[in-house]
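These are the residues of each chain, in order.
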Amino acid sequence: MAKTVAIIGAGCSGLAAIKGCLEEGLSPTCFEKSDDIGGLWRYTEMVEDRRASLYNCVVTNVSKEMMCYTDFPMPEDFPTYLHHSKVLEYLRLYAEHFSLLKYIQFKTEVCLVTKSPSFSKTGQWEVTIEKNGVKKMECFDAVLVCNGHHVEPYLPLESFQGIHDFKGHYIHSRFYKKYEKYRGKTVLIVGVGNSAGDIAVEISGVAKQVYVSTRQGTWVLSRISFDGLPIDMALTSRFAFWISSSLPAGLLHKLHAKQMNSWFDHANYGLQPEDMSFLKEPMVNDHFPSQILCGAIRIKPHIRKFTESSVIFEDGSIVDGLEEVIFATGYSISFPFLDDSIIRVNDNDNNITLYKNVFPPYHEKPTLAFIGLVQPLGSLLSSSELQVRWATRIFKGTSQLPSVAKMEAHFKKTTEHRRKCFGKGRSQTLQTYFIEYMDEVAVEIGIRPNIMRLLITDPKLALKVFFGPCTPYQYRLKGPGKWSGARNAILTQWSRTINPARTRVVQKSTDSRPTIRNIFVLCGLTTAIFIGFYCVRYKPLRAPSWILCH
Ligand code: NAP
């Protein structure tokens, strides 16, 4: 008998979970509280209770080739960055292509998950579900929690003095949908994450004035980089990651700041992060700086206090006639169906103890896994998918977890590493580098690309894998779940990226592909000279991990 797995949520992680279970011969049942798939990516006009909520103008900040599942490229005619409706369309295509819908029970809410009386022997879980007002309990061999972490708004009103005296209107960004009601108004947005950036830009087109308050500042990135290529494809390569992880921290931060300021000087726009030693998730927004330049958005420091109709900032400046406040202050991780003895989220820093962001280390049996509880500087879809491929192998017994002590030590080490790289803020508790995290999970499954071997067997592909963007297909080149289309998907990724924008054919003396190649050659040569100089002047570079591995 195949082992049974309960999957909680049919968003992008839940869909990957169903497919992952099927691939490993497990028997999945997915419970979805609403009446449709898509989770966060399914926009509705009204905010639904305990379901993530999008505003209408959301466009992905990861490009389509970097964002997709590992064995399912997005259609060629999809734009490079997707409106939320296109992401949902992609998820529907995925669910249909792999026949996933039949495993989902819609309008079924998971109310409680507890260990079965025989847990220490069987690892089984009792899952209480509610459908049409009727509750029942079912027993499963394993559980995959895929309920997302952008559901519970974080709104620390107690830290905003005077907010209860404020006579205007305030909301959390979760409740923001459209801009119309802000027409002609004076609006304050608190925070400078991606929600704040999108909402500020949209409202600033119609409001009287938009102010954005930040405690620490942020870097802002354009979606477009050299030659009009998507920035994540240009920057997220194994080669670039190897170089950057080999540089001394001080030098890395200087180069990072230089690169970030190459678009515009963040200090002049009031945005420069206070502590530049952290590489926190940047705001990805093409319009934010231009709206500042046009005066439609004004950046302000942290808030000292609110009065009935104004806000006073820490620098003593005052905005009178304030009518609307939007707290874009982020989200808290929460699992309403699990009690603290199963998993505990630290309310202060929004942190949670998980081995490689997936397994709670303390249970007698490794039959509970959390999927999508990671914030890679890259795609969540493929990260979730890899987590599922690993978790299902643990459930099946084809892979094993290390001892509790080893998992604890690993969690401690990665937490320190994360704090050193990204800072201690509650928005950064799930932050990881995309390639570093993907490789760390891939090693567990035996699917991490082996560049040295590829160089011998398929040099053309090896160069693309090492110097080109680290697209998710790299994790389908070998090992369990190998996909025969992975090589071709990698070789054709640039045409799927560039072609959708070519809606009017223009004759060019040279094709843009050689230009892309020139960029890589130029980057390669410059870096080789730089490394040579660095090795002679200072100390040898650390051996890259892809040489140490395998
Ligand atoms: P977020 O990234 O967690 O940002 C929260 C912001 O609120 C930060 O600037 C934070 O400042 C500030 N903040 C928190 N507590 C505060 C307090 N007590 N006082 C003042 N400021 C406070 O939240 P988000 O922008 O909603 O984004 C959530 C996730 O969704 C992110 O991963 C984001 O990238 C993603 N997202 C993506 C898109 C897109 O794809 N287009 C759009 C929106 C969101 P500090 O930095 O000082 O802590």
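Residues numbered from 1 in each chain as written. Predicted model: local features only at pLDDT ≥ 70, side-chain atom pairs only at ≥ 80, totals over all residues. Heavy atoms only, no water.

> Requested: an account of the site of the ligand, with residues and values cited.
Looking at the ligand, there are 27 residues lining it, with Val-59, Ser-195, Gln-216, Glu-281 and Ser-427 nearest. Between an oxygen atom of the ligand and a side-chain N or O atom of Arg-215, the distance comes to 2.9 Å. Ala-328 places a main-chain nitrogen or oxygen 3.2 Å from an oxygen atom of the ligand. Within the complex, 89% of the 910 Å² of free accessible area of the ligand lies under protein. Of the residues forming the shell around the ligand, the biggest block, 3 residues, is contributed by helix 5 (residues 194-204). Here the shell around the ligand is composed, by residue class, of 9 nonpolar, 14 polar and 4 charged. Taken together, domain 1 (4-151 + 332-444) and domain 2 (155-222 + 281-329) each give at least three residues to the shell around the ligand, which thus spans both. (Near = heavy atom within 4 Å. Polar contact = N/O pair within 3.5 Å; in protein donor to acceptor, adjacent residues only side chain to side chain. Areas by Shrake-Rupley, 256 points an atom, 1.4 Å probe, with all protein chains shown as cover. Helix = DSSP H or I, 4+ residues; strand = E, 2+ residues; numbered from the N terminus. Nonpolar A, V, L, I, M, F, W, Y, C, P; charged D, E, K, R; others polar. Domains from an automatic or database assignment.)

> How would you explain the sheet that holds strand 17 (residues 318-320) if you had to name every residue and give the values?
Within the open sheet, the 3 strands sit side by side as 15-16-17. Their pairing is antiparallel. Either end of the sheet is taken by a strand with one partner, and the two such strands are strand 15 (303-306) and strand 17. When the angles between neighbouring strand axes are averaged without regard to direction, this sheet yields 15°. For strand 15 and strand 16 (residues 310-313), the ladder comprises 3 bridges, and the chain directions are antiparallel. Residue pairing in the sheet places Phe-306 in a bridge with Val-311 of strand 16. (Pairing = 2+ DSSP bridges. Axes fitted to C-alpha atoms, helices over the stretch in contact; angles between N-to-C directions.)

> Explain the sheet that holds strand 11 (residues 209-213) to me, and be specific about the residues and the numbers.
Spatially, the 5 strands line up as an open sheet ordered 9-18-10-11-14, and their pairing is parallel. Sheet topology places strand 9 (169-172) and strand 14 (297-300) at the edges, where each strand pairs with a single neighbour. Pairs of neighbouring strands in the sheet enclose a mean axial angle of 20°, with direction left out of account. Where strand 10 (residues 186-190) meets strand 11, 5 bridges bridge the pair, whose relative direction is parallel. Of the residues in strand 11, the one forming a bridge with Val-190 is Ser-213.

> Outline the packing of helix 7 (residues 238-246) against helix 14 (residues 459-467), listing residues and values.
It is at 5 Å that the axes of helix 7 and helix 14 come closest, and there the two elements cross at 50°. Accordingly, the angle class assigned to the pair helix 7 and helix 14 is oblique. Where helix 7 approaches helix 14, its residues Arg-238, Phe-239 and Trp-242 are matched on the opposing element by Val-465, Phe-466 and Phe-467. The residue inventory of the contact of helix 7 with helix 14, partitioned by class, reads 5 nonpolar, no polar and 1 charged. (Parallel < 35°, antiparallel > 145°, perpendicular 65-115°, else oblique. Contact = heavy atoms within 4.5 Å.)

> Describe the pairing of strand 7 (residues 142-145), and please don't skip the residues or the numbers.
Residues Ala-142 and Leu-144 line one face of strand 7 and the alternating positions Val-143 and Val-145 line the opposite face, and both faces are buried. Bridge analysis of strand 1 (residues 4-8) against strand 7 gives 4 bridges, and the strand direction is parallel. Each residue of the ladder has a partner; that of Ala-6, found in strand 7, is Val-143. (Buried < 20%, exposed > 50% of the residue type's maximum accessible area, 1.4 Å probe, protein only.)

> Pulling in residues and values, what's your account of the pattern of salt bridges?
The full count for this structure, using the stated rule, is 25 salt bridges. The salt bridge involving Arg-92 is made with Asp-36; its shortest N-O contact spans 2.8 Å. Pair noted here: Arg-92 is in helix 3 (residues 84-97) and Asp-36 is in the loop between strand 2 (27-31) and helix 2 (64-67), with a separation of 56 residues, a long-range link. The closest approach of N and O atoms between Lys-178 and Glu-45, which form a salt bridge, is 2.9 Å. (Salt bridge = Lys/Arg side-chain N within 4 Å of Asp/Glu carboxyl O.)

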